[in-house]
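The chain contents come next:
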Amino acid sequence: MRMRLKSLEKALLLEELECSLEGENYIASLDIGTTTIRCFIYAVNRDIAKLEVVGTAYDQVELVYPAPGQVEIIPAKLWDSVLNTIRNAIADAKLTASQIACLGISTQRNTFTCWNRLTGKVYHNFITWKDLRADQLVRQWNGSFRLRMLKLGASVLHFITRNKRFQAGSVIKLMNPQVSMRLAWVLQNNSELQRDVNDGVVLYGAIDSWLLYRLRQGLDPTRVVEHISDVTNCTSTGLYDPFGQEWAGWALNLFSIKKELLPKVVDNAYDFGYVDESLFGSAIKIGCSIADQSASLWGNCCFEKGEVKITMGTGSFLNVNTGATCLASVHGLYPLVGYKMIGGVSSRSTAEEELVYLMEGASSDNGSIIEWAISIGLFSNPQDSSAMALSVSDSDGVSFIPAFSGLGPPIRDDSAGTGFIGIKASTKREHMVRALLESLAYRVALLYSCALTETQYTFTRIKVDGGVSRNDFICQTLADLTGLAVERGEITDSTALGAMFLAGLNIGVWRSKRELIDARKIERVFQPNPANRIKCIESMRSWERAVERFKRWYIAEELNSLN
């Protein structure tokens, strides 16, 4: 009886919501990144083509470092920051929670914790995607006989069937940013967790899953709600098979991870329910949950097959929309589910049933390099760095290798070192700044070259977003290197924008993707300069030679000491 009344109550809330969608609507968008939590309140009125940010709030994600190489987030502090950020954004918009049509949520991927479904107790801090505690396990498994046999078997099956799913398996490589090895490490090293796993009361979740659980629980941590995670957050964990659209049984068996730990995988137009009214005074419809890079894809309106966007934030992420085709990779890019829609959560929604895949390549160091450059005094404001780089005609033969987290695809060397090379008596600070900024563009250009090889698509332009995309020098260098126009939107925070777009489409505030494309505004397009192309390519070739000097800089024993 109680459940029936609850269902009736939610049905009435949804009916009331849909009746209020005419005219101006307010959509909240929460974005939890690697270093910041942001909430934006958007005022949307389709009838007069209005899209305006009317409220904002920010907070820092407080990272803790319990040991060298370990990077964590305290769940209680993250929870308090999330609640405060949402409250402050609503207050900044001079609204109340009852006036918010829905909440869109985007989150960083592969940062996870485990908690008790009966008591709400968390067993450990969030272990972030930058954490290296499982590095020794990663190395052991990548060199293990079992994994070699698995790859050999996949190679044979690919030869027989020509199925690209097996081709992907034949070149599989475990990585620290994936969840798989870090979760296996926790299960091996946390005795309390081991005991409760056997009792069947433990839940695993990345930030999206944990947050959805807590928001629907409200102030009662013992209230049991549906344990879910959206497909875009699951697909990059190393435990999910994008080809088969399910948790990968071979991975769970190989790493001794029980499927009962894992959330139900749902699409991005799933009925995520409501933020419990105990948190903000009124229930708020959760319009969507989506991983950060997929949200950025929506924010840049990359809806067509062959469109490419590059997010340049803490790291650089290149994503190519491959449509309904999940492409296998042999050059270091990874096939992921970009987004999945099975109708909207509102009867007014026109969200189409759709499954879109991505190819993704990542360079972990980007914004972190900029922050480091500020900390050592190369420049005091990131906005100044572009003018400094342009004040000299070249880097005076100086190269910079950005490898705080190693060098990703296509180089794929976790032990590479970071540093300048080629410094002479004539070298000025401006030369070093130019070399540093060039290196960030070169890493992205390498990812783009991988995308050309993997997809064999013909690209027409690159859309960029993220804080580092505000650097004109990097954007122009990228245009010159690729020969493509580089398009930068007015709104830097495309992740939050994308979550808002998707949430609004799901509940019927937006009628179609066409409206989203029309609502997105372009701030600047950087056209490639043919006169600079040869010079840029020659400079990049010199940088690639410098990279060879920095490969395998750290010996294995030094890396293992991080664990």
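Look a little higher up for the structure.
All figures in this text were calculated on a predicted structure; none of them were measured in a lab.

Calculation criteria
Just so you know, the residues in each chain are numbered from 1, in the order the chain's sequence is written. The predicted origin of the model limits local features to residues at a pLDDT of at least 70 and limits the giving and counting of side-chain atom pairs to 80 or more, whereas totals for whole chains, interfaces and linings rest on all residues. Hydrogens and water are ignored here; the side-chain numbers use all heavy atoms of the structure. Think of it in three bands: with a 1.4 Å probe and only protein chains considered, a residue is buried below 20% of the maximum accessible area for its type, exposed above 50%, and partly exposed in between. The secondary structure listing takes helices from DSSP runs of H or I that are at least 4 residues long and strands from runs of E that are at least 2 residues long, numbered from the N terminus. Only strands joined by at least two bridges in the DSSP assignment are considered to pair. Every residue pair with non-hydrogen atoms within 4.5 Å of one another is taken to be in contact. In this analysis an axis means a line fitted to C-alpha atoms, helices contributing only their contacting stretch, and an angle means the value between N-to-C directions, from 0 to 180 degrees. Here, a salt bridge means any Lys or Arg side-chain nitrogen found within 4 Å of an Asp or Glu carboxyl oxygen. For Phe, Tyr and Trp, where Trp contributes only its six-membered ring, two rings pair if their centres lie within 6.5 Å, and the inter-plane angle classes them as stacked under 30 degrees, edge-to-face over 60, or tilted in between. Between 65 and 115 degrees an angle is taken as roughly perpendicular, under 35 as roughly parallel, over 145 as roughly antiparallel, and anywhere else as oblique. For any pair of crossing helices, the crossing counts as left-handed if the nearer helix is rotated counterclockwise from the farther one by less than a right angle, and right-handed if it is rotated clockwise. Residue polarity follows a fixed list, in which Ala, Val, Leu, Ile, Met, Phe, Trp, Tyr, Cys and Pro are nonpolar, Asp, Glu, Lys and Arg are charged, and the others, Gly among them, are polar. Excluding any residue in a salt bridge, patches collect residues exceeding 30% relative accessible area, merging like charges within 9 Å and nonpolar Val, Leu, Ile, Met, Phe, Trp and Tyr side chains within 5 Å. Each accessible area is a Shrake-Rupley result for a 1.4 Å probe, and residues are judged covered by the shown protein chains and nothing else.

(A) Just helix H12 (residues 292-299), in detail. Burial within H12 is extensive, with eight of its eight residues counted as buried. Taken together, the buried positions of H12 are Asp292, Gln293, Ser294, Ala295, Ser296, Leu297, Trp298 and Gly299. A positive phi of about 55° marks Cys301, the residue just after H12.

(B) Region of interest: the sheet that holds strand S1 (residues 25-32). Here we have six strands laid out as an open sheet, ordered S3-S2-S1-S6-S15-S14, and mixed in their pairing. One side of each edge strand has no neighbouring strand; the edge strands of this open sheet are strand S3 (50-60) and strand S14 (274-275). This element, H12, spans strand S6 (100-107) and strand S15 (284-291) of the sheet and lies at about 105° to S15.

(C) Structural detail: the pattern of salt bridges. Taken as a whole and judged by the stated rule, the model has 28 salt bridges. In this structure, Glu354 and Lys513 form a salt bridge, with 2.4 Å as the shortest nitrogen-oxygen distance. One end of the pair, Glu354, is in strand S19 (residues 354-363); the other, Lys513, is in helix H18 (residues 513-519), with 159 residues separating them in the sequence. Looking at Lys513, the relative accessible area reads 19%, which means it is buried.

(D) Quick look at the packing of aromatic side chains. The full count for this structure, using the stated rule, is 19 aromatic pairs. On the numbers, 5.0 Å between centres and 85° between planes, the contact of Phe126 with Trp210 is edge-to-face. Of this pair, Phe126 sits in strand S8 (residues 126-127) while Trp210 sits in helix H8 (residues 207-217), placing them 84 residues apart in sequence. Here Trp210 falls in the buried class, since its relative accessible area comes to 2%.

(E) Seen up close, the packing of helix H14 (residues 382-390) against helix H15 (residues 429-455). Their axes nearest at 8 Å, the elements H14 and H15 cross at an angle of 110°. Classified by the interaxial angle, the pair formed by H14 and H15 is roughly perpendicular. Between H14 and H15 the crossing geometry is left-handed. Contacts between H14 and H15 involve Ser385, Ser386, Met388, Ala389 and Leu390 from the former and Arg429, Glu430, Val433, Arg434 and Leu437 from the latter. By residue class, the composition of the contact of H14 with H15 is five nonpolar, two polar and three charged.

(F) Highlighting the sheet that holds strand S22 (residues 461-465). Strands sit in the order S18-S19-S17-S16-S22-S23-S24 across an open sheet of seven strands; the sheet is mixed. Edge positions in the sheet fall to strand S18 (334-341) and strand S24 (522-526), since each of these pairs with one other strand and no more. Shown here is a sheet whose adjacent strand axes are inclined to one another by a mean of 25°, direction ignored. Across seven bridges, strand S17 (residues 316-323) lies against S19 in antiparallel orientation. Bridging across to S19, Leu318 finds its partner in Gly361.

(G) How the structure looks around a nonpolar patch on the surface. Side chains of Phe145, Met149, Leu152, Val156, Phe159 and Ile160 sit close together on the surface and give an oily, nonpolar patch of about 650 Å² of accessible area. Locating Phe145 in the fold gives a position in helix H4 (residues 145-161). On the basis of relative accessibility, which here comes to 55%, the residue Phe145 falls in the exposed class.

(H) Quick look at the environment of Lys259. Within the secondary structure layout, Lys259 lies in the loop between helix H10 (249-254) and strand S13 (264-266). Each C-alpha atom, one on Lys259 and one on Val202, is 11 Å from the other, the two residues being 57 residues apart in sequence. When sequence neighbours within four positions are dropped, the list of residues in contact with Lys259 reads Trp247 and Leu252.

(I) A look at the pairing of S15. In terms of residue burial, S15 counts as a mostly covered element, since eight of its eight residues are buried. Sheet topology note: the S6/S15 ladder contains five bridges and is parallel. The partner of Thr107 across the bridge, within S15, is Ala291. Both S14 and S15 contribute to a ladder of two bridges, which runs antiparallel. Across the sheet, Val275 pairs through a bridge with Ile284, a residue of S15.

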